[in-house]
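# Secondary and tertiary structure notes
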Amino acid sequence: MTPRTTAILSALAEEQQGLLERLQQPRRVTRAGRDFWLGDLHGQPVVLALSRIGKVAAATTATTLIEAFGVQRLVFTGVAGGVGPDVRVGDVVVASEFVQHDMDASPIFPRYQIPLYDRERFACDVDLSALLSGAVRAGGYTLHQGLIASGDRFVSAAEESRLLQEALAAAGHAPLAVEMEGAAVAQVCFDYGIPFAAMRTISDRADDTAHVDFPKFVTEVASRYALAIIEEFVRGLNTMHPT
Ligand code: ADE
């Protein structure tokens, strides 16, 4: 059977570090000004990459993973601001779908609709997301599954978060979390027909203390979460896709 390579896209270097230390036969390849790490993780061929920050940077990384490295599935790990009513710092959200909260080509297209795609949301792969959710549960973390909103903005004020959620709700969108890359990667994976799953550890509540909570959480906690969950996920891939 041809090995099916999995891309593991991390938002933060801290999240990638543990995976990199466990990578067997690591080989670094540079493309598009980015480092890609090829190797085996628990018997699965993987490529590790950093998404960088924001929708365009993440889309470039995802496209390179697909075009230059031929990955056949993509999983994303990062942190996010919790906006769902009971989504707390330290919880984990596995995305079912993504919306871009800063997409607005109205009145030409309805607000939030991605022009020429005739849709407002991109869905994640059901099987891959179920595997990821199982890995989150196995670690004993509090899991939420649902919509995530992405945009090129770090949401760092309660009022800003309220307005953003109010506008989304008016169009029928109730996100659990906000971040800056997922919807772009979901769109690229949709374009290529590549299964995609994403998890976000909640680092802050996207409110007035977000700028303090975020760096503290990133250095102290996020890396441990990502490593434990992704290792369990990759072990699960061995059952789903034996090499
Ligand atoms: N990632 C983590 N926290 C975030 C926030 N508050 N806004 C956008 N992206 C984030």
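Right, let's get into the site of the ligand. Taken together, 13 residues lie around the ligand, and G81, F154, V155, E179 and D204 are the ones closest in. Taking G81, its main chain carries an N or O atom lying 3.3 Å from a nitrogen atom of the ligand. Here a nitrogen atom of the ligand sits 2.7 Å away from a polar atom, N or O, in the side chain of D204. More than half of the atoms belonging to the ligand lie within 2 Å of the grid points that define the largest pocket. Put simply, the parts of the chain that give the shell around the ligand at least two residues each are strand 5 (73-82), strand 9 (177-179) and strand 10 (196-204).

In this structure the tally under the stated criterion is 8 aromatic pairs. Arranged with centres 6.0 Å apart and planes meeting at 65 degrees, the rings of F217 and Y225 form a pair that is edge-to-face. The same class applies to F217 as to Y225, namely buried. In this structure an aromatic cluster arises from ring pairing among Y117, F122 and F190.

Moving on, we get to helix 5 (residues 182-192). Judged by how many residues are buried, helix 5 sits mostly within the fold: 8 of 11 residues are covered. Listed in full, the buried residues belonging to helix 5 are G182, A183, A184, V185, A186, Q187, V188 and C189.

This paragraph deals with the pairing of strand 10. With 9 of 9 residues buried, strand 10 is to be regarded as a mostly interior element. By the bridge criterion, 8 bridges tie strand 5 to strand 10 in an arrangement that is parallel. Pairing of G78 across the sheet is with R200, part of strand 10. With 3 bridges connecting them, strand 6 (residues 92-100) and strand 10 associate as antiparallel partners. Directly across from V92, in strand 10, lies its bridge partner T201.

Rules of the game
- Residues numbered from 1 in each chain as written.
- Predicted model: local features only at pLDDT ≥ 70, side-chain atom pairs only at ≥ 80, totals over all residues.
- Heavy atoms only, no water.
- Near = heavy atom within 4 Å.
- Polar contact = N/O pair within 3.5 Å; in protein donor to acceptor, adjacent residues only side chain to side chain.
- 1 Å grid on protein atoms, 1.4 Å probe; cavity = no way out; pocket = protein on both sides within 12 Å on 5 of 7 lines; lining within 4 Å.
- Sits in = over half its atoms within 2 Å of the grid points.
- Helix = DSSP H or I, 4+ residues; strand = E, 2+ residues; numbered from the N terminus.
- Phe/Tyr/Trp six-rings, centres within 6.5 Å; stacked < 30°, edge-to-face > 60°.
- Buried < 20%, exposed > 50% of the residue type's maximum accessible area, 1.4 Å probe, protein only.
- Pairing = 2+ DSSP bridges.

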